[in-house]
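If you want the building blocks of each chain, they are given just below.
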Amino acid sequence: DRGYKEGGDNGGGGGNNNRGRRGGGRRKKQMMKVGHGGTLDPLASGVLVLGVGKGTTMLQSYLQGDKCYSAACELGYETDTLDAEGKLVRTESWNHVESIEAVGEKIVPKFTGKIKQVPPLYSAIRIDGKRLYEIARKDPTGKEAEDVEIPEREVEIHGLEVGAVLEEGVIRSGVVDGPTYREKAREIEDAAAAAAVSAAAALAETASSTEAKDGENKEGEGGTGDEGGRDKKRRRRNNKRNNNKNDKKNPFDEKTVPSILPDHGDLELPQFALAVRCGGGTYIRSLVRDIGYELGTVATMTGLVRTKQGPFVLEDALRREDWSANEIYSAIRRGGEKHGTKVE
């Protein structure tokens, strides 16, 4: 709310902007800067602090303090992105883990305080001038990504809780249903693969037919075969475009992504809930991965909600569909009353 308060002054005022203009040129549009105080993972939701106008230059001072996250986790498999969106790269048995309570007893002491962690390959960290996610996405074979050495870093976990329930407020913010996500994504991928095979077969049949006609034209009427040549060029262009599509697309958008429903926040192994209060630079995906290793198996973060960033908390956040001028100014006033600040 304070970021928006500062952003209310766009610096334009209400004065006459025509003074000093040469000729009869158009009035220059008033531009307003908008910034955010830290990104979220593609499948994550929750608190994202925005600054408007002067608020963009003051974001860092507003965001001093820790961050809080609520994560859904699942034992037994690991993906290349360390979340439900990625490609399966490893599976391990988790049956030796007796209970969610046993998970907490083992990992809370181990991962509370200052710890070392290796950030995920799919992250915005720069190595040799390139962001890691750019290297990963532009390397479908995975060979270049395997050669990247990601330096270990120290982060601090101020508080860690393991549980069997996701809070209703967290669920309403949007928590991806990991098992359903994987199942539906697999169905979509299988259907796409089948369609690709059919398309390739149809293309091969067309190519064969075109080559046969080219031969007939050349032998029967002395034709040049230009039409067949143009078809070949089109096919080469199409193949080149298809080969350049290395980036894996998310099969869902915000409206269709499978999410945990209200009143369905009770989890049982191999799933469990994780509440984290941490300092800056902490990757929850890496934390969940390392928790799996500590338990003698592997684990993946299937859903994530940021519940606090500095002084800003989830219950005060505006959902994106409520980003209208009236809703924003109402939120500013509520925030002012909450913090004892009068907002005009």
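Everything below is about the structure shown above.
Residues numbered from 1 in each chain as written. Predicted model: local features only at pLDDT ≥ 70, side-chain atom pairs only at ≥ 80, totals over all residues. Heavy atoms only, no water.

J.: Account for the state of the cysteines, with residues named and values stated.
T.: Counting across every chain of the model gives 0 disulfides. We note that Cys68 lacks a disulfide partner, and the nearest cysteine sulfur, in Cys278, lies 7.4 Å from it. The exposure class assigned to Cys68 is buried, which follows from its relative accessible area of 14%. (Disulfide = S-S within 2.5 Å. Buried < 20%, exposed > 50% of the residue type's maximum accessible area, 1.4 Å probe, protein only.)

J.: Talk me through the environment of Gly178; I want residue IDs and the actual numbers.
T.: For Gly178, the position within the fold is in helix 7 (residues 178–220). Spatially, the C-alpha atom of Gly178 lies 4.7 Å from that of Thr302, the residues being 124 residues apart in sequence. The contact partners of Gly178, leaving out residues within four places of it in the chain, are Ala84 and Thr302. (Helix = DSSP H or I, 4+ residues; strand = E, 2+ residues; numbered from the N terminus. Contact = heavy atoms within 4.5 Å.)

J.: Report on the packing of helix 3 (residues 100–111) against helix 9 (residues 284–294), specifying residues and quantitative values.
T.: Interhelical geometry of helix 3 versus helix 9 gives an angle of 125° and a closest axis separation of 10 Å. Relative to helix 9, helix 3 is oriented oblique. Judged by the twist between their axes, the crossing of helix 3 over helix 9 is right-handed. Between helix 3 and helix 9, the contacting residues are Lys106, Ile107, Lys110 and Phe111 on the first element and Leu287, Asp290, Ile291 and Glu294 on the second. Looking at the contact of helix 3 with helix 9 residue by residue, the classes come out as 4 nonpolar, no polar and 4 charged. (Axes fitted to C-alpha atoms, helices over the stretch in contact; angles between N-to-C directions. Parallel < 35°, antiparallel > 145°, perpendicular 65-115°, else oblique. Left-handed = near helix turned anticlockwise from the far one by under 90°. Nonpolar A, V, L, I, M, F, W, Y, C, P; charged D, E, K, R; others polar.)

J.: Let's hear about the side chain of Ser173: which residues, and what values?
T.: When you line up the elements, Ser173 lands in helix 6 (residues 168–174). Within the structure, the side chain of Ser173 is placed 3.4 Å from the backbone nitrogen of Gly46, a separation counted as a polar contact. Excluding its chain neighbours within four sequence positions, the residues that come into contact with Ser173 are Ser45, Gly46, Val305, Leu314 and Arg319. (Polar contact = N/O pair within 3.5 Å; in protein donor to acceptor, adjacent residues only side chain to side chain.)

J.: If you had to explain helix 3 to someone new, which residues and values would you point to?
T.: With 12 residues, helix 3 should reach 16 Å at 1.5 Å per residue; the first-to-last C-alpha distance of 16 Å fits that figure. Taken residue by residue, helix 3 has Ile100, Val103, Gly104, Ile107 and Phe111 as its buried positions. One face of helix 3 carries all of its buried residues, which in axial projection span an arc of 100°. Exposed residues on helix 3 whose side chains face more than 90 degrees from its buried face are Glu101, Glu105 and Pro109. On its buried side, helix 3 packs onto strand 7 (113–117), strand 10 (153–163), strand 11 (271–278) and helix 9. Backbone geometry just after helix 3 places Gly113 at a positive phi near 105°. (Expected span 1.5 Å × (residues − 1). Arc of directions from axis to C-beta.)

J.: Talk me through the nonpolar core; I want residue IDs and the actual numbers.
T.: The biggest cluster of nonpolar side chains holds 27 residues, and the ones touching the most others in it are Ile107, Leu160, Leu274, Val276, Ile284, Leu287 and Ile291. Elements with a minimum of two residues in this core: strand 4 (67–75), helix 3, strand 10, strand 11, helix 9 and strand 12 (299–309). Not counting residues within four places of it along the chain, the set of residues in contact with Ile291 comprises Ile107, Phe111, Phe272 and Leu274. Of all hydrophobic cores here, the second largest spans 16 residues; its members include Leu59, Tyr62, Leu63 and Leu314. (Core = buried A, V, L, I, M, F, W, Y, C linked by side-chain atoms within 4.5 Å.)

J.: With reference to specific residues and values, describe the pairing of strand 11.
T.: Counted residue by residue, strand 11 has 6 buried out of 8 residues, so it is predominantly covered. Of the pairings in the sheet, the one linking strand 10 to strand 11 comprises 6 bridges and is antiparallel in character. Within strand 11, the position partnered with Gly163 by the bridge is Ala273. (Pairing = 2+ DSSP bridges.)

J.: A description of helix 9 should follow, citing residues and the corresponding values.
T.: Along helix 9, 9 of the 11 residues are buried, which leaves the element largely enclosed by surrounding structure. Within the sequence span of helix 9, burial applies to Ile284, Arg285, Ser286, Leu287, Val288, Arg289, Asp290, Ile291 and Gly292. Trailing helix 9 by a residue or two, Gly296 shows a phi angle of about 80°, which is positive.

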